[in-house]
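A closer look at the structure
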Amino acid sequence: MPEPTMPDDLVRLWRLRNGPRLGRPAELDIDRVVDTAVRLADEGGLVAATLPKIAAALSVTPMSLYRHIGSKEELIGLMADAAMGPAPDCSSEATAEPNAHHATGGTATRGDATESASPAWRPALREWAVAQSEVFRRRPWLAQLPVTGPPRGPNAIAWMDAGLRALRETGLDWAAKIGVITVVGGYVRQAFTLDRQLAESRGAANVDERQALRRYVRELTAVVDAGRFPDVTALLGSGLFESVPDAPESADQDFAFGLDLVLDGVAAAVER
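Report follows, based on the coordinates. (Residues numbered from 1 in each chain as written. Predicted model: local features only at pLDDT ≥ 70, side-chain atom pairs only at ≥ 80, totals over all residues. Heavy atoms only, no water.)

Looking now at the packing of aromatic side chains. Throughout the structure, instances matching the rule amount to 3 aromatic pairs. Plain terms: the ring middles of phenylalanine 136 and phenylalanine 192 are 5.7 Å apart, the flat faces sit at 25° to each other, and that makes the pair stacked. Of this pair, phenylalanine 136 sits in helix 7 (residues 121–138) while phenylalanine 192 sits in helix 9 (residues 174–205); the two residues are 56 residues apart in sequence, bridging distant segments of the chain. Of the residues examined, phenylalanine 192 reaches a relative accessible area of 11% and is grouped as buried. Between the aromatic rings of tyrosine 187 and phenylalanine 255, the centroid separation amounts to 5.6 Å while the plane-to-plane angle is 25°, which identifies the pairing as stacked. Linking tyrosine 187 in helix 9 with phenylalanine 255 in helix 12 (residues 247–271), this pair joins segments that are 68 residues apart in sequence. The pair formed by tyrosine 187 and phenylalanine 255 is uniform in burial state, with each residue classed as buried. The ring centre of tryptophan 174 lies 4.5 Å from the NZ or CZ of lysine 177, which sits over that ring. (Phe/Tyr/Trp six-rings, centres within 6.5 Å; stacked < 30°, edge-to-face > 60°. Helix = DSSP H or I, 4+ residues; strand = E, 2+ residues; numbered from the N terminus. Buried < 20%, exposed > 50% of the residue type's maximum accessible area, 1.4 Å probe, protein only. Lys NZ or Arg CZ within 6 Å of the ring centre and 35° of its normal.)

Listed below in structure tokens is the structure:
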């Protein structure tokens, strides 16, 4: 039986050669196209990385890009894999010293007190999650890309491998390990997206987080009925929203708290 033909887009994604390269290197190649697209997205978001704008930045015609990419959708996949960059080393040896303090931007969390007593997988998986969050902070446009399937490119596979390596000694089966890194990665992406959307909303209203929350309490207190919503009424009167830290610290605390909850769930699965 003949071997199946490798899809062209996979060949391009992994930069594989279909045959020997003869003559002078081409002035334009897939790496230049992808690097330019990522640079434009970094500078101006996805709207800045359209095919016409990429072509203009390279001083070529938009149609000439199709010699190196199969479609606009394929270019998005190439950009996503390139932009994620190399995966961190999240083996238990590399994370023997807990890094929860770094994970929250220097803010103490429950993880600081418990991480040193945790099994090796927990600081390793935490570091994996934090590293993803840092990528999203550097490149917010990445979180806007649709998820179209499992990891496929070399960088994405490296991140997947790093997550699985963090869980190597847990005793979880393969299905559970995939489930864990999917849930943890999904939390990181959603936490970043929520924080960014809230920040953009506050920016549009020209208010900071404290001002937005105080307005929220004031407006909701006027309409929420204590008989119908007793616990929300108690929350609004608790003073919680009056003691919000500065925005970066608040976001770091929220992220670390949520990540601890997710990791606690993983721990429960490991201990079964």
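This part covers the layout of surface pockets. The volume enclosed by the largest pocket comes to roughly 1200 Å³. In this structure, the largest pocket is lined by 32 residues; those nearest its centre are Val147, Gly149, Pro150, Pro151 and Ala156. If you list the elements that add at least two residues to the lining of the largest pocket, you get helix 1 (8–13), helix 4 (72–84), helix 7, helix 8 (154–166) and helix 9. Taken together, the residues of the lining of the largest pocket break down into 18 nonpolar, 8 polar and 6 charged. For the second largest pocket, the calculated volume is near 860 Å³. Listed by contribution, the elements that provide at least two residues to the lining of the second largest pocket are helix 7, helix 9, helix 10 (209–223) and helix 12. Examining the composition of the lining of the second largest pocket, we find that 12 residues originate from one element, helix 9, more than from any other. (1 Å grid on protein atoms, 1.4 Å probe; cavity = no way out; pocket = protein on both sides within 12 Å on 5 of 7 lines; lining within 4 Å. Points joined across faces, edges and corners; volume = space filled by probe spheres on them. Nonpolar A, V, L, I, M, F, W, Y, C, P; charged D, E, K, R; others polar.)

This part covers unusual backbone geometry. With phi around 55°, arginine 15 is a residue other than glycine that occupies positive phi space. One can find arginine 15 in the loop between helix 1 and helix 2 (30–44). Residue class for arginine 15 comes out partly exposed when judged on its relative accessible area of 34%.

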